[in-house]
Amino acid sequence: MQMRLPYSVPLFDLPMYSVSKLTDYSAALAAAAEECIRACEAEARSVSDETELKLFRDRWLGRKSGILTQINELWLKDAPKDAKREVGIRVNELKARIQKLVEGTRAGGTDGRATTVAGVDITLPGIRRSIGAEHPVLKTMNEIVSVFQKLGYSVAKGPVVETDYYNFEALNFPPNHPARDTQDTLFIAGQAAKPPRERLLLRTHTSPVQIRTMEKMRPPIRIVIPGQVHRNDPPDASHSPMFHQVEGLAVDTDITFSDLKGTLDHAMKALFGSSVKTHFRPSFFPFTEPSAEMFVSCFICGGSGKRGAEPCRPCKQTGWIEILGCGMVDPNVFDFVKDNGYDPRRVSGFAFGMGADRIALLKYGVDDIQLFFQGDVRFLQQFA
Ligand SMILES: [Zn+2]
């Protein structure tokens, strides 16, 4: 019985294509695939209006009984076990070609015939794609980085998967420091056979890049290090197992704590407005000595601790927000790179690090860090 084609007259000249059963899964498969493509091209050329275009698309791409579906049933599913992988690859190639061909076909031009089968019709208006926007966390990181770039710092980056040596040992963490525990750090599995300092982990801070850079570059250096870090923290409104830091390091022969204070005070004014004040409190980090936590006067309530009659939540009514950790580089850290010119008796330096996500939360008044990483376009669009 002659089947009726759903297309216009010229198509009646074409034999109706139907998926054939394969006799073997190599030569016959290749020939059948070629035949299939040729049939599809021929049909595409004869599509002359929107109705036919729809029928053509359904015939080839229809989910239930489209030709691609039939190919799946007849060729792939029936293939013997040992040929399945090879057939799968062939069928996928064929499907991709057919799909491109069908989706690239447009209904008739002025002569009432299909204007293209190759996928490009230059007479059609283009497909409008939204440009997208910087993610609020990346935007914040870029802003911080650019403040330091203007001071002459260059950007340094390093691997997210680190060794114990760079993440802990060379940064003066003692062997049994709690940060080295699996409760705090995410370790890569299957490392037990390696010596402890070579074992891999997800870096818990961007500080390993300080060591890596000092190994490569002799002093003086001024670097700013943006990057992703991981800690074994269950996700909640203020914690995420993955977050971002921006860290900085300056080393020269004559760096003092005054340089640290002046640099960071300038940076905070550049980031949060010229009226913010900074305030340092003593703290402890294994890789700096002395160490400090730096606070800025609350840029939300202006330091009053109140927003009208309401208490200011971001600064917990104190008027100060803790923004970063910093300190003078511990001479023990320089010892690990002293062969490259970092003799602790000759050079000194300061380092600082801040959480970019936390700053983004404060800056944009977001109250849940999870919102940054859930990929909800409705949330992210607000920052575009
Ligand atoms: Zn406040």
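All values reported here derive from a predicted model rather than from experimental measurement.

*Asks:* Before we go on, may I ask you to explain the side chain of N167 in this structure?
*Replies:* Mapped onto the elements, N167 comes out in helix α6 (residues 164-167). For N167, a relative accessible area of 0% corresponds to the buried category. Filtering out sequence-adjacent residues up to four positions away, N167 remains in contact with E162, F173, L201, R203, T204, H205 and P208.

*Asks:* Mind showing me how you'd approach the pattern of salt bridges here?
*Replies:* Opposite charge on two side chains permits pairing when their charged atoms draw close. What the rule picks out here adds up to 13 salt bridges. Residue R59 pairs with E43 through a salt bridge whose shortest N-O separation is 2.7 Å. Residue R59 is found in helix α2 (residues 50-61), and its partner E43 is found in helix α1 (residues 27-46); the two are separated by 16 residues along the sequence. A residue is classified by how much of its surface remains accessible, and R59, at 16% relative accessible area, is buried. Its relative accessible area of 3% is what places E43 among the buried residues. Close ionic contact of R345 with D343 constitutes a salt bridge, the shortest N to O distance being 3.1 Å. Judged by relative accessible area, D343 falls into the buried class, the value being 18%.

*Asks:* Honestly, the packing of aromatic side chains in this entry has me stumped. Any pointers?
*Replies:* A ring pair, where both rings are aromatic, is described by two values, the distance of the centres and the angle of the planes. All told, the structure shown has 16 aromatic pairs when counted by the stated rule. Taking 5.1 Å as the distance between ring centres and 80° as the angle between the ring planes, the aromatic pair formed by Y165 and Y166 counts as edge-to-face. Y166 carries the same exposure label as Y165, and that label is buried. Ring geometry for F168 against F173: centres 5.1 Å apart, planes inclined by 70°, an arrangement best described as edge-to-face. Each member of the pair, F168 together with F173, is buried. What links up through ring pairs into an aromatic cluster is the set Y364, F372, F373, F379 and F383. Between R212 and the ring centre of Y166, over which it is positioned, the NZ or CZ distance is 4.0 Å.

*Asks:* In this structure, what is going on with the coordination of the zinc ion? I would like to understand it.
*Replies:* Six octahedrally arranged donors around a metal ideally form angles of 90 or 180 degrees; four tetrahedrally arranged donors ideally form angles of 109.5 degrees. Bound to the zinc ion are the protein donor atoms C298 (SG), C301 (SG), C312 (SG) and C315 (SG), situated 2.2 to 2.3 Å from the metal. Viewed at the metal, the four donor atoms of the zinc ion are separated by angles of 101 to 115°, and the geometry they form is tetrahedral. Sequence spacing among the residues donating to the zinc ion works out to C-x2-C-x10-C-x2-C. One end of the pair, C298, is in the loop between β7 (288-297) and β8 (306-307); the other, C315, is in the loop between β9 (310-311) and β10 (320-329), and 17 residues separate them in sequence. Assessed through its relative accessible area of 3%, C315 is described here as buried.

*Asks:* Just checking my understanding: could you explain the nonpolar core for this structure?
*Replies:* Judged by nonpolar contacts, the single largest core of 44 residues is most densely connected at F148, L264, M268, I323, L324 and M354. Counting only elements with at least two residues in this core, the list comes to α5 (136-149), β5 (242-252), α8 (257-272), β7, β10, β11 (348-355) and α10 (356-364). Sequence-distant contacts of F148, defined by excluding residues within four places in its chain, comprise Y153, V224, T263, L264, A267, F352 and M354. Membership of the second largest hydrophobic core comes to 28 residues, among which are V19, L29, V47 and A83.

*Asks:* Just to check I follow, could you spell out the packing of α5 against α10 for this structure?
*Replies:* When two helices pack together, their arrangement is captured by the angle between the axes and the distance separating the axes. Between α5 and α10, whose axes approach to 9 Å, the crossing angle comes to 105°. One element, α5, and the other, α10, form an angle in the roughly perpendicular class. Only A356, D357, I359, A360, K363 and Y364 of α10 make contact with α5, whose side of the interface consists of P136, V137, K139, T140, M141, E143 and I144. Of the residues contributing to the contact of α5 with α10, the split by class is eight nonpolar, one polar and four charged.

*Asks:* I tried to follow the sheet that holds β7 on my own but got confused; where do I start?
*Replies:* Whether parallel or antiparallel, the strands of a sheet pair through hydrogen bonds between backbone atoms. Taken in spatial order, the seven strands make up an open sheet running β1-β4-β5-β11-β10-β7-β6, and their pairing is mixed. Looking along the sheet, the strands with just one partner apiece sit at the ends: β1 (154-155) and β6 (278-285).

*Asks:* Help me understand the layout of surface pockets, please; the structure alone is not making it clear to me.
*Replies:* In this approach, a probe sized like a water molecule rolls over the atoms, and the result shows the empty space that is left. By volume, the second largest pocket is sized at about 180 Å³. Lining the second largest pocket are S130, G132, A133, E134, H135, P136, V377, L380, Q381 and A384. Across the lining of the second largest pocket, the residue classes tally to five nonpolar, four polar and one charged.

*Asks:* Before we go on, may I ask you to explain α5 in this structure?
*Replies:* In an α-helix there are 3.6 residues to a turn, and that puts residues three or four apart on one side. The end-to-end C-alpha distance of α5, which contains 14 residues, comes to 20 Å, matching closely the 20 Å that a straight helix rising 1.5 Å per residue would cover. Along α5, the residues that are buried comprise P136, V137, T140, M141, I144, V145, V147 and F148.

*Asks:* Looking at this structure, I do not really get the environment of K316. What am I missing?
*Replies:* Here K316 lies in the loop between β9 and β10. The sequence separation of K316 and V209 amounts to 107 residues, and the corresponding C-alpha distance is 34 Å.

*Asks:* In this structure, what is going on with the confidence of the model for the protein? I would like to understand it.
*Replies:* If pLDDT is low for a region, its predicted coordinates should not be looked at in detail. Mean pLDDT over the protein: 88, with 93% of residues reaching 70 or higher. For the protein, α1 is the element with the lowest average pLDDT, namely 86, and β1 is the one with the highest, namely 98. Within the model, the stretch residues 1-12 combines pLDDT values under 50 with 21 contacts to residues more than four positions away or in other chains. Predicted confidence for residues 109-114 stays below pLDDT 50, and this span has 12 contacts to residues more than four positions away or in other chains.

Thresholds, definitions, all that
- Residues numbered from 1 in each chain as written.
- Predicted model: local features only at pLDDT ≥ 70, side-chain atom pairs only at ≥ 80, totals over all residues.
- Heavy atoms only, no water.
- Helix = DSSP H or I, 4+ residues; strand = E, 2+ residues; numbered from the N terminus.
- Buried < 20%, exposed > 50% of the residue type's maximum accessible area, 1.4 Å probe, protein only.
- Contact = heavy atoms within 4.5 Å.
- Salt bridge = Lys/Arg side-chain N within 4 Å of Asp/Glu carboxyl O.
- Phe/Tyr/Trp six-rings, centres within 6.5 Å; stacked < 30°, edge-to-face > 60°.
- Lys NZ or Arg CZ within 6 Å of the ring centre and 35° of its normal.
- Donors = N, O, S within 2.8 Å, 3.2 Å for Na, K, Ca; no water.
- Tetrahedral: all angles 85-135°; square planar, octahedral: opposite > 155°, others 65-115°.
- Core = buried A, V, L, I, M, F, W, Y, C linked by side-chain atoms within 4.5 Å.
- Axes fitted to C-alpha atoms, helices over the stretch in contact; angles between N-to-C directions.
- Parallel < 35°, antiparallel > 145°, perpendicular 65-115°, else oblique.
- Nonpolar A, V, L, I, M, F, W, Y, C, P; charged D, E, K, R; others polar.
- Pairing = 2+ DSSP bridges.
- 1 Å grid on protein atoms, 1.4 Å probe; cavity = no way out; pocket = protein on both sides within 12 Å on 5 of 7 lines; lining within 4 Å.
- Points joined across faces, edges and corners; volume = space filled by probe spheres on them.
- Expected span 1.5 Å × (residues − 1).
- pLDDT = per-residue confidence, 0-100.

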